[in-house]
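# Coordinate inspection notes
Each chain, written out:
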Amino acid sequence: MDRHDDFREFVLARQQTLMRTAYLLVGDAHLAEDLLQSVLTKVVGHWSKLSRDGNPEAYTRKALVNQYISWRRRPSREIPSADLPEHGASHDNATLDRIVLRQALAKLTRKQRAVIVLRFWEDLTEAQTADTLGCSIGNVKSQTHHALARLRVVAPELAELRIQEVAR
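Rules of the game
- The residue count restarts for each chain, going from 1 along the sequence in the order it is written.
- Per-residue local features are limited, in this predicted model, to residues with pLDDT of at least 70; the limit for side-chain atom pairs, both in listing and counting, is 80 or more; totals at the level of whole chains, interfaces and linings are taken over all residues.
- Derived side-chain values reflect all non-hydrogen atoms in the structure, with water molecules and hydrogen atoms excluded from consideration.
- Only the six-membered ring of Trp is used, alongside the rings of Phe and Tyr, when aromatic pairs are assigned; centres must lie within 6.5 Å, and planes under 30 degrees apart are stacked while those over 60 apart are edge-to-face, with the rest tilted.
- Runs of E in the DSSP output that reach at least two residues are strands. Runs of H or I that reach at least four are helices, and both are numbered from the N terminus.
- Burial classes: relative accessible area under 20% of the type maximum marks a residue as buried, over 50% as exposed, and values in between as partly exposed (1.4 Å probe, protein chains only).
- By definition, being over a ring means that NZ of Lys or CZ of Arg is both within 6 Å of the ring centre and within 35 degrees of the ring normal.
- Summary of the metric used: pLDDT quantifies the predictor's per-residue confidence within the range 0 to 100.
- Residues count as neighbours in contact if any of their non-hydrogen atoms are within 4.5 Å of one another.
- The convention used is that axes are lines fitted to C-alpha atoms, helices contributing only their stretch in contact, and that angles between N-to-C directions extend from 0 to 180 degrees.
- Roughly parallel means an angle under 35 degrees; roughly antiparallel, over 145; roughly perpendicular, 65 to 115; everything else is oblique.
- Note: crossing handedness is left-handed where the near helix turns anticlockwise from the far helix by less than a right angle, and right-handed where it turns clockwise.
- Here a salt bridge means any side-chain nitrogen of Lys or Arg lying within 4 Å of a carboxyl oxygen belonging to Asp or Glu.

### Notes on the packing of aromatic side chains
- By the definition in use, this model includes two aromatic pairs.
- Aromatic pair F7 and W47: ring centres 5.3 Å apart, planes at 75°, arrangement edge-to-face. Placement of F7 in helix 1 (residues 5-26) and of W47 in helix 3 (residues 47-53) is noted, with a sequence separation of 40 residues between them.
- Residue F7 is classed as buried on the basis of its relative accessible area of 11%.
- Both rings, one in F10 and one in W47, keep their centres 5.1 Å apart while their planes meet at 40°; by these two values the pair is tilted. Remark: W47 occurs in helix 3 and F10 occurs in helix 1; sequence separation between them is 37 residues.
- Using a relative accessible area of 11% as the deciding quantity, one classes F10 as buried.
- Under the relative-accessibility criterion, W47 is labelled buried at 6%.
- Ring pairing ties together the aromatic residues F7, F10 and W47, which thus form one cluster.
- Just above the ring of Y68 sits the side chain of R110; from NZ or CZ to the centre is 5.0 Å.

Structure below.
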């Protein structure tokens, strides 16, 4: 039995959830893959202790957020625009809603975006979000308040979206 079998099982079981979190944080599938891969490379080095003493999923999620926030040195590939992209072949409302949501998330600060993803897509409590981000519950509340206020300004149409459809 390979010493990394437990790690492989963890990655296979949680890969989609972790990838979704990474994608929502960075807004780009390729960058999300890079982010997740770099984090999993670090997690495997701590795997024996994590699997024995810790909560590997919470640790990995926290590492994702921390790595995302520290990627300041990478130039942003997102180009802010007041206009939506032209409609492609699909006129599916859920697809358009996801585009609007992605563009709105891109207009938040990294910490605000992380709080929104953790609180509303990962469905973490304020305490769990604070623990993941390494900050106080009050800071999570403040960041959430400011992020939601910013989203209302930059994308008022988001108020009309059904989050269940957008999150798919």
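### Description of the confidence of the model for the protein chain
- Counting all residues, the mean pLDDT for the protein chain is 80, and 77% of those residues have values of 70 or more.
- Looking at the elements of the protein chain, mean pLDDT is at its lowest for helix 9 (residues 163-167), recorded as 43, and at its highest for helix 7 (residues 126-133), recorded as 92.
- Low confidence marks residues 162-168, where pLDDT is under 50. Its contacts with residues over four positions away, or in another chain, come to seven contacts.

### Quick look at the environment of L36
- Checked against the element boundaries, L36 lands in helix 2 (residues 29-45).
- When the C-alpha atoms of L36 and Y68 are compared, they prove to be 9.6 Å apart, with 32 residues separating the residues in sequence.
- Ignoring sequence-local partners within four residues, the contact set of L36 consists of Q15, L18, M19 and L64.

### What to know about the packing of helix 1 against helix 2
- Close contact between helix 1 and helix 2 brings their axes to 9 Å; oriented N to C, the two are set at 135°. Relative to helix 2, helix 1 is oriented oblique. Here the hand of the crossing between helix 1 and helix 2 comes out right-handed. Residues F7, V11, Q15, L18, M19, A22, Y23 and V26 of helix 1 lie in contact with helix 2, whose contacting residues are A29, L31, A32, E33, L35, L36, L40, V43 and V44.

### Some points on the pattern of salt bridges
- Summed over all chains, the structure comprises six salt bridges.
- As a salt-bridge pair, R8 and D5 come within 2.9 Å of each other at their nearest N and O atoms. Of this pair, R8 and D5 both sit in helix 1, three residues apart, roughly one helical turn.
- In this structure D5 comes out as partly exposed when scored by relative accessible area, which is 22%.
- Here E57 makes a salt bridge to R14, at a shortest N to O gap of 2.7 Å. Of this pair, E57 sits in helix 4 (residues 56-70) while R14 sits in helix 1, and the two are 43 residues apart along the sequence.
- A single salt-bridge network, built from bridges that share partners, covers R14, R20, E57, R61 and E122.

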